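# Fold and contact review
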Amino acid sequence: MGDHTLEPANTLLVGMTGSGKSTFAYRYLLNAPAACRFIFDDLGRAATRLKVRPVGTVKQCEDALASRWVIFNPHVMFPGATRDAFRWFCKWTYEVSKRGPGKKLLLVDEIWQWQNNLAIPQELALVCQTGREENLELVCATQMPHKINSSITGQSTELVCFRTDERLALDAVRDLRGDVAKVENLPMGHWISYNRITRGELAGRVF
Ligand SMILES: Nc1ncnc2c1ncn2[C@@H]1O[C@H](COP(=O)(O)OP(=O)(O)O)[C@@H](O)[C@H]1O
Ligand SMILES: [Mg+2]
């Protein structure tokens, strides 16, 4: 959102398992007129669902840029060291984003694996804090918004809420200015999003 402004431009998807977060994320990446999309795909789900061949080496990552989709399998270069892989991919994506104009999107699904409310890899914090200057938007999803680091929530423009009935998650939604009464009654597949800058509210469904 807001392409060349210095407003924060990150999107946080929140909801219980199976509520539609990943489906929304893939559609968002497919529909966005982006210069390139980057996906950290440790479980191979993104590659499978998007039917895009994952890449594993630096050269494959570089070559994939032309296709505008870099779906990164961390297990080729970083066997048994997925955390290191995550840090490397955040840094690489950030550096690559400096090369040219246009929107870049980095999807980190199930982000609870890589950060929590107390600690966040410096490379991910860099994307959150400085990515907007390079037109790089972080899109992340979790069932546990109460464990999202403040360096992410503090830079989130868009909060997209799916059904959740977890009390701690709903408390976090409230803290992020979401309407808990609506969010806890959403059917699976339905969402309500809140824009922090415009205070705009949107609703829709992915299934
Ligand atoms: N590999 C898949 N291909 C097609 N549809 C899927 C696949 N995985 C899940 N779905 C459908 O999408 C629904 C929501 O899943 P998903 O968007 O992955 O939710 P979440 O990411 O919130 O856990 C599932 O209930 C299922 O119907
Ligand atoms: Mg998912």
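These remarks concern the structure in this document. Along each chain, numbering runs from 1 in the same order as the chain's sequence is written. All chains are assigned letters beginning with A, and all ligands numbers beginning with 1, in the order in which they are written. Where local features are concerned, this predicted model is filtered to residues with pLDDT of at least 70; where side-chain atom pairs are given and counted, the filter is 80 or more; whole-chain, interface and lining totals use all residues. Side-chain calculation: all heavy atoms of the structure are included, whereas hydrogens and water are not.

## Things to note about the site of ligand 1
For clarity, the cut-off: Note on terminology: near, applied to a residue and a molecule or strand, indicates that one of the residue's heavy atoms is within 4 Å of it. Nitrogen and oxygen atoms within 3.5 Å of one another constitute a polar contact, given that in protein one can donate a hydrogen and the other can accept it, and given that sequence-neighbouring residues count only through two side-chain atoms. Accessible areas in this description were obtained via Shrake-Rupley with a 1.4 Å probe; residue shielding takes into account the shown protein chains only. A run of H or I in DSSP counts as a helix once it spans at least four residues, and a run of E counts as a strand once it spans at least two, with each numbered from the N terminus. The residue classification treats Ala, Val, Leu, Ile, Met, Phe, Trp, Tyr, Cys and Pro as nonpolar and Asp, Glu, Lys and Arg as charged. All others, Gly included, are polar.
Around ligand 1 lies a shell formed by M16, T17, G18, S19, G20, K21, S22, T23, R49 and F207. Between ligand 1 and the protein, one listed contact pairs an oxygen atom with a backbone N or O atom of G20 at 3.0 Å. Between ligand 1 and the protein, one listed contact pairs an oxygen atom with a side-chain N or O atom of T23 at 2.5 Å. In isolation ligand 1 offers 550 Å² of accessible surface; the protein chains occlude 53% of this area. With 3 residues, the single largest contributor to the shell around ligand 1 is helix α1 (residues 21-31). Of the residues belonging to the shell around ligand 1, the class tally is 2 nonpolar, 6 polar and 2 charged.

## Some remarks on the pairing of strand β3 (residues 69-72)
Stated formally: A simple rule labels every residue: compare its accessible area, found with a 1.4 Å probe on the protein chains alone, to the largest value its type can have, and call it buried under 20%, exposed over 50%, or partly exposed in between. The rule for pairing is simple: two strands pair if DSSP sees at least two bridges between them.
Neither face of β3 is exposed, since W69 and I71 on one face and V70 and F72 on the opposite face are all buried. Bridge count between strand β2 (residues 36-40) and β3: 4 bridges; the pairing is parallel. The residue bridging F40 from the neighbouring strand is F72, located in β3.

## A few points about the pairing of β2
The element β2 is extensively covered by neighbouring structure, given that 5 of its 5 residues are classed as buried. Alternating positions in β2 separate into two faces, C36, F38 and F40 on one and R37 and I39 on the other, with burial throughout. Bridging between β2 and strand β4 (residues 104-108) involves 4 bridges; their strand directions are parallel. Looking across to β4, one finds that R37 is bridged to L105.

## What to know about the sheet that holds β4
Using the following cut-off: For helices, the fitted axis covers only the stretch in contact; all axes are lines through C-alpha atoms, and the angles between them, taken along N-to-C directions, range from 0 to 180 degrees. By the convention used here, residues are in contact when the closest approach between their heavy atoms is within 4.5 Å.
Here 8 strands make up an open sheet; going across it, the order is β3-β2-β4-β5-β1-β6-β7-β8 and the pairing mixed. Two strands bound the open sheet, and with one partner strand each, they are β3 and β8 (201-205). Strand-to-strand twist in this sheet, taken as the mean axis angle between neighbours without regard to direction, amounts to 15 degrees. Two strands pair when backbone bridges link them, and strand β7 (residues 190-195) and β8 are joined in this way by 5 bridges, in the antiparallel orientation. Paired with H190 across the bridge in β8 is R205. Its contacts with the sheet place helix α5 (residues 122-130) against β1 (10-14), β4 and β5 (136-142), and it is angled at close to 120 degrees to β5.

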